[in-house]
Amino acid sequence: MAAKIDYKIRWGMAIDLDKCTGCGACTVSCQVENNNAPNVDGTDKLRIVNWLSIYRLENGKSFPDADVAYLPLPCMQCGNPSCVPVCPVIATEKGEEGAIVSQISPRCIGCRYCMAACPYHVRTFNWFDPVWPKGMEKTLTPFTSTRPRGVVEKCHFCHHRWTFAKEKARVDGMDPYKLPEDAYIPACVEMCPSGAMVFGDLKNPEHKVYELARSPHARRLLEKLGGEPQVYYISRREWVRNLMDNHLPGETGHGKAEGGNHG
Ligand code: SF4
Ligand code: SF4
């Protein structure tokens, strides 16, 4: 594992699983913002391209003790991303500014090494060219280029929004590398109706995410692997936290995860 780099800014997310209702607004807003073609058939695993899927978690108990939670899963923007060193053409990189893992589709040769290396299964491969049903091409935005078949894609925390926020800060005479709370947030965070997603600089004590990541109720997925994910999950329910911590059967965790829709 590569040595941990001390990035000046470490953009990250805290998702409160006790607030998330699994409504899917984050997934839809991500698709619209980033020009992902609509998934016409949700059962066609080869054609689905989602940067943010939602998984259903269950505590495995029967009524009246049954309980569920919903877990939105974007790219974790790992501090030690296993997807980066395996790419033979440097089409995915850990950004020195902001510590976001990029995906440069025009450079990608489609070998899918990164997909095999990512323990979170948050990368998708375009087996087909994207198709917008007639009329829906009007929803295309100028912020993100569309991607053709034959390349891998993934969440990048709406990186273009950070570029805009930095430009605005410069125009306003502010430090673009010390943005105030909410000057830059990804589309999913902006759209979440229950306020379950909080975004900010994990190194800035003035951002809410700084404190949330240090909460005793915060966990990171597969933390044991040492990837240093920059997405934290919060729950006051012990069985949910135990799942976050990736306990194996027989350890203290209970319940099971279902769902997701990766191609
Ligand atoms: S699929 Fe693309 S981004 Fe992934 S390892 Fe291969 S070239 Fe790099
Ligand atoms: S979650 Fe996967 S794709 Fe995202 S940075 Fe980590 S290893 Fe790479």
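Residues numbered from 1 in each chain as written. Chains lettered and ligands numbered in written order. Predicted model: local features only at pLDDT ≥ 70, side-chain atom pairs only at ≥ 80, totals over all residues. Heavy atoms only, no water.

- Under an unreviewed UniProt entry, the protein has the name 4Fe-4S ferredoxin, iron-sulpur binding domain-containing protein and belongs to Alkalidesulfovibrio alkalitolerans DSM 16529.

## Considerations on a nonpolar patch on the surface
- Residues Leu46, Trp127 and Phe128 make up a contiguous nonpolar surface patch of roughly 290 Å² in combined accessible area.
- Along the chain, Trp127 turns up in the loop between strand S4 (124–125) and strand S5 (152–153). (Patch = residues over 30% accessible without salt bridge, like charges linked within 9 Å, V, L, I, M, F, W, Y side chains within 5 Å. Areas by Shrake-Rupley, 256 points an atom, 1.4 Å probe, with all protein chains shown as cover. Salt bridge = Lys/Arg side-chain N within 4 Å of Asp/Glu carboxyl O. Helix = DSSP H or I, 4+ residues; strand = E, 2+ residues; numbered from the N terminus.)

## A closer look at helix H3 (residues 159–171)
- With 13 residues, H3 should cover 18 Å at 1.5 Å per step; its first-to-last C-alpha distance of 19 Å lies within 8% of that length.
- Every buried residue belonging to H3 is among His160, Arg161, Trp162, Ala165, Lys166 and Ala169, and all of these are buried.
- Elements that come into contact with the buried residues of H3 comprise strand S1 (11–16), helix H1 (25–33) and helix H4 (187–191).
- Positive backbone phi, approximately 75 degrees, marks Gly173, located one or two places after H3. (Expected span 1.5 Å × (residues − 1). Buried < 20%, exposed > 50% of the residue type's maximum accessible area, 1.4 Å probe, protein only. Contact = heavy atoms within 4.5 Å.)

## Observations regarding the site of ligand 2
- Of all residues adjacent to ligand 2, which total 14 residues, the nearest are Cys75, Cys78, Cys83, Cys118 and Arg123.
- Here the residues of the shell around ligand 2 sort into 10 nonpolar, two polar and two charged. (Near = heavy atom within 4 Å. Nonpolar A, V, L, I, M, F, W, Y, C, P; charged D, E, K, R; others polar.)

## Focus on H1
- Of all the positions in H1, only Cys26, Thr27, Ser29, Cys30, Gln31 and Glu33 are classed as buried.
- Those residues of H1 that are buried are in contact with strand S2 (53–58), strand S3 (68–73), H3, H4 and strand S6 (197–201).
- Phi for Asn35, located one or two positions after H1, is positive at around 55 degrees.

## Remarks on the nonpolar core
- One finds Trp11, Met13, Leu71, Phe157, Tyr184, Met197 and Tyr233 to be the most contacted residues of the largest nonpolar core, which totals 45 residues.
- Setting aside its immediate chain neighbours within four residues, Phe157 contacts Trp11, Gly12, Met13, Cys75, Gln77, Ile100, Tyr184, Pro186, Phe199 and Val231.
- Among the nonpolar cores identified, the runner-up in size contains nine residues, and Cys87, Val101, Cys108 and Cys114 belong to it. (Core = buried A, V, L, I, M, F, W, Y, C linked by side-chain atoms within 4.5 Å.)

## Focus: the environment of Lys8
- Along the chain, the position of Lys8 falls in the segment before S1.
- Sequence spacing of Lys8 and Asp201 is 193 residues, and the spatial spacing of their C-alpha atoms is 9.5 Å.
- Contacts of Lys8, omitting those with residues within four sequence positions, involve Tyr177, Asp201 and Lys203.

## Re the pairing of strand S8 (residues 231–234)
- Because side chains alternate across S8, one face comprises the buried residues Val231 and Tyr233, and the other comprises Tyr232 and Ile234, equally buried.
- In the sheet, S1 pairs with S8 via four bridges, with the strands oriented parallel. When the bridges of S8 are listed, Met13 appears paired with Val231. (Pairing = 2+ DSSP bridges.)

## A word on the pattern of salt bridges
- All chains considered together, the criterion is met by 15 salt bridges.
- Between Arg161 and Glu33 there is a salt bridge, with its nearest N and O atoms 2.9 Å apart. Of the two residues, Arg161 is situated in helix H3 and Glu33 in helix H1; the sequence distance between them amounts to 128 residues.
- A salt bridge links Asp172 to Lys168; the shortest N-O distance between them is 2.8 Å.
- A residue is classified by how much of its surface remains accessible, and Asp172, at 41% relative accessible area, is partly exposed.
- Each of the salt bridges in this network shares a partner with another, and the network as a whole consists of Asp16, Asp18, Asp67, Arg236 and Arg237.

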